[in-house]
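# Commentary on secondary and tertiary structure
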Amino acid sequence: MKRKDIKMLGIPSAFVFVTLLSGFFQGCQKETKTVLPPVEDEIMETWTPGNDAFVWVDAQANVFQGPGRFRDKDDIKLILDSLKHIGINGLVLDVKHNTGFTLYESAYTQKLSSYNGQTMLPDYVEFMVNEARSRQMKIYFGINTFVYGNSSTSMGYVYNNPAFKQYESIVANASGERVPISTTGGNFFLNPAAEEVQELTINIIKEMATKFHPDGVVLDYCRYRGIDADFSDLSKELFIQFLEEKYNDSQAKFMDFPKDIVSSWKVVSGNAEPNATGKYYKKWLYFRAKVLRDFFARTRQELKAVAPNVELGAYSGAWYSSYYQQGNNYASETYDPFYDEELTFSFAIPGYKETGYAEQLDLFFSGNYYKQLYLKDNPATTHLKYHWWSIEGSMNGIEYITRNKTKVYSGIDVGNVTFDSEADISEAIKYMYNRSNGGVLVFDVCHVTVPRYNPLRKGLWDALENGLK
């Protein structure tokens, strides 16, 4: 399973996920309680707990995997009845696969009818919408926003539409060379800054909104792959334009690209990361975050023009302190990470708050994918309030930086995080459900329905039901 940023090939990569988290914990720096200067006479919107409980229905795991149970209509009905019974009242249905193909007939991309040896129900999306509606369940559509192919299988939109290959994300390797992302394996990201990529993506969003009238559309992978992207000639051109217009920098066009951004690289856990940075590094981070913020604003405007009642949402990992590497700033535009002196974010510079996109959303799903629930559970965090690598600490942080400008659904990963017991899962769900101003998101339904897709090797119906009581 991909979640989120872990791709499931067979059994979920629980051990990989835990290994990653252990690295995160080791790299954590102490943080202290923050007091942010008042902003325009109002710090935060009124907070009230939400009452929605969603499950994510990933296409790859539930439709295009052998054990997936969303290829049979009777099976789907049974699962939806069971979800409704235990307190789940919403679905996030993955309808744009990482191939860039949709799970319905589209005027803009191909329909993915079969994949990985599995065939989808021909009316899968229509059927899921109707079944959700008949049970008074909310249904949101999830999309792999800027992913348009799978380079591991050489399959997807970019392979069927060679003209779009020119918008392939260009990444830096450990030697500082710029290489096409397709040569590095995995998801085939296109450059988010490309006008043609944005137009194609927004057209697909508007199409699904007007065709099926879901409650909303949730943008997943609406980001850069990582700190190594995007170093294309187009991004260079747009960055120079940004520097000239924002900073009146007449020397920008003479920059040594990309060395004036990152002068040398190193390999960390198999990924290229900056070893030494150049004079334009932080402005580059600002530029990339603004590209994504402006895309959210454009998407909202165009979506609401054709489907005003369809909500715009996004998914992001909760680890805000490092998510800048993907260009992602899900904070409120009223929150300024540069002037927040106590909760220090070294990536921010003056003006960075302009890249916050919380105000562009109707709802936000956060991946609080940690085993540690309470801050008191670890002596190293018991004195903290904000801590990005625990459930309580990250929820505090997200509430703080989003200023409650949008509904937040705290997410639990019951398949890739190694909880010790069903009781631990229930306690985490209960805490999230009662703390978030939107509710809770369970990732993924396959982890609940297929025992071998979770570390406890059992169905997790009771764990969810006890958490949602």
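Residues numbered from 1 in each chain as written. Predicted model: local features only at pLDDT ≥ 70, side-chain atom pairs only at ≥ 80, totals over all residues. Heavy atoms only, no water.

What follows covers the overall build of the chain. Scanning the chain for helices and strands turns up 13 helices and 16 strands. Per-residue burial over the chain gives 60% buried out of 469 residues. Put simply, 75% of the contacts in the chain that link residues at least 6 apart link residues at least 24 apart. For the chain, the accessible surface area stands at approximately 17,900 Å², while carbon and sulfur atoms represent 48% of it. (Helix = DSSP H or I, 4+ residues; strand = E, 2+ residues; numbered from the N terminus. Buried < 20%, exposed > 50% of the residue type's maximum accessible area, 1.4 Å probe, protein only. Contact = heavy atoms within 4.5 Å. Areas by Shrake-Rupley, 256 points an atom, 1.4 Å probe, with all protein chains shown as cover.)

Moving on to the packing of helix α10 (residues 391-402) against helix α11 (residues 422-435). Contact geometry for α10 and α11: axes closest at 11 Å, N-to-C directions at 15°. With respect to α11, the axis of α10 lies roughly parallel. As for how α10 packs across α11, the hand of that crossing is right-handed. Where α10 abuts α11, its residues Ile391, Glu392, Met395, Asn396 and Glu399 lie against Ala428, Tyr431, Met432 and Arg435. In terms of residue class, the contact of α10 with α11 is built from 5 nonpolar, 1 polar and 3 charged. (Axes fitted to C-alpha atoms, helices over the stretch in contact; angles between N-to-C directions. Parallel < 35°, antiparallel > 145°, perpendicular 65-115°, else oblique. Left-handed = near helix turned anticlockwise from the far one by under 90°. Nonpolar A, V, L, I, M, F, W, Y, C, P; charged D, E, K, R; others polar.)

Per the stated rule, a full pass over the model turns up 48 aromatic pairs. Each ring, one from Phe54 and one from Phe365, has its centre 5.5 Å from the other, and the planes form 80°; the classification is edge-to-face. One end of the pair, Phe54, is in strand β1 (residues 52-57); the other, Phe365, is in strand β14 (residues 363-367), and 311 residues separate them in sequence. Across the pair, Phe365 and Phe54 agree in class, each one buried. Their ring planes at 55° and their centres at 5.9 Å tell us that Phe231 and Phe257 sit as a pair that is tilted. Here the residue Phe231 occupies a position in the loop between β10 (216-220) and α7 (233-247), and Phe257 occupies one in the loop between α7 and β11 (262-268), the gap between them amounting to 26 residues. Side by side, Phe231 and Phe257 carry an identical accessibility label, which is buried. One Lys or Arg, Lys283, reaches over the ring of Tyr247 and ends 4.0 Å from the middle of that ring. (Phe/Tyr/Trp six-rings, centres within 6.5 Å; stacked < 30°, edge-to-face > 60°. Lys NZ or Arg CZ within 6 Å of the ring centre and 35° of its normal.)

With 151 residues, the main nonpolar core has Leu91 and Tyr124 as its most contacted residues. The biggest single contributor to this core is helix α8 (residues 281-306), with 11 residues. Excluding its chain neighbours within four sequence positions, the residues that come into contact with Leu91 are Phe54, Val55, Val57, Leu80, Leu83, Met128, Ala132, Met137, Lys138, Ile139 and Tyr140. (Core = buried A, V, L, I, M, F, W, Y, C linked by side-chain atoms within 4.5 Å.)

Here we come to unusual backbone geometry. The omega torsion across Ala229 and Asp230 is -5°, close enough to zero to call that bond cis. Assignment of secondary structure puts Asp230 in the loop between β10 and α7. Here the residue pair Phe257 and Pro258 is connected by a cis peptide bond, since its omega of 5° sits within 30 degrees of zero. Within the element layout of this structure, Pro258 appears in the loop between α7 and β11. We note that Asn248 has phi near 55°; this positive angle belongs to a residue other than glycine. Inspection of the secondary structure puts Asn248 in the loop between α7 and β11. The exposed category is assigned to Asn248, whose relative accessible area is 68%. Phi is positive for Arg403, close to 60°, though the residue is something other than glycine. Its location among the elements puts Arg403 in the loop between α10 and β15 (407-413).

Relative to the elements of secondary structure, Phe101 occurs in the loop between β2 (90-96) and β3 (114-115). Separated by 55 residues in sequence, Phe101 and Gly156 have C-alpha atoms that sit 6.6 Å apart. If we skip the residues at most four places from it in the chain, Phe101 touches Val95, Lys96, Thr109, Gln110, Lys111, Leu112, Met155, Gly156, Tyr157 and Asn160.

By the burial criterion, the buried members of helix α4 (residues 124-134) are Tyr124, Val125, Phe127, Met128, Val129, Glu131 and Ala132. Where the residues of α4 are buried, they touch β1, α3 (73-86), β2, β5 (138-144) and α6 (195-212). Gln136 occupies a position one or two residues after α4 and carries a positive phi of about 55°.

Right, let's talk about the packing of α3 against helix α13 (residues 461-468) for a bit. Where α3 contacts α13, the axes come no closer than 9 Å and their chain directions differ by 35°. Two secondary-structure elements touch here, α3 through Ile79, Ser82, Leu83, His85 and Ile86 and α13 through Trp461, Leu464, Glu465 and Leu468. In the contact of α3 with α13, the residues fall into 6 nonpolar, 2 polar and 1 charged.

With that out of the way, let us pick up the sheet that holds β14. Taken in spatial order, the 8 strands of this closed barrel run β1-β2-β5-β10-β13-β14-β15-β16, and their pairing is parallel. Averaged over all adjacent pairs, the angle separating strand axes in this sheet is 25°, with direction ignored. (Pairing = 2+ DSSP bridges.)

Before going further, it helps to spend a moment on the side chain of Lys96. On the secondary structure map, Lys96 appears in strand β2. Here Lys96 occupies a buried position and makes no salt bridge, while the nearest side chain of opposite charge, Asp94, is found at 8.5 Å. At 3.1 Å, the side chain of Lys96 and the backbone oxygen of Val147 are in polar contact. Aside from chain neighbours lying at most four places away, what touches Lys96 is Phe101, Thr102, Gly142, Ile143, Asn144, Thr145, Val147, Tyr148 and Ile204. (Lys, Arg positive; Asp, Glu negative; His and termini not counted. Salt bridge = Lys/Arg side-chain N within 4 Å of Asp/Glu carboxyl O. Polar contact = N/O pair within 3.5 Å; in protein donor to acceptor, adjacent residues only side chain to side chain.)

The predicted model of the chain has a mean per-residue pLDDT of 91, with 89% of residues at 70 or higher. pLDDT under 50 marks residues 1-44. Its contacts with residues more than four places away, or in other chains, come to 108 contacts. (pLDDT = per-residue confidence, 0-100.)

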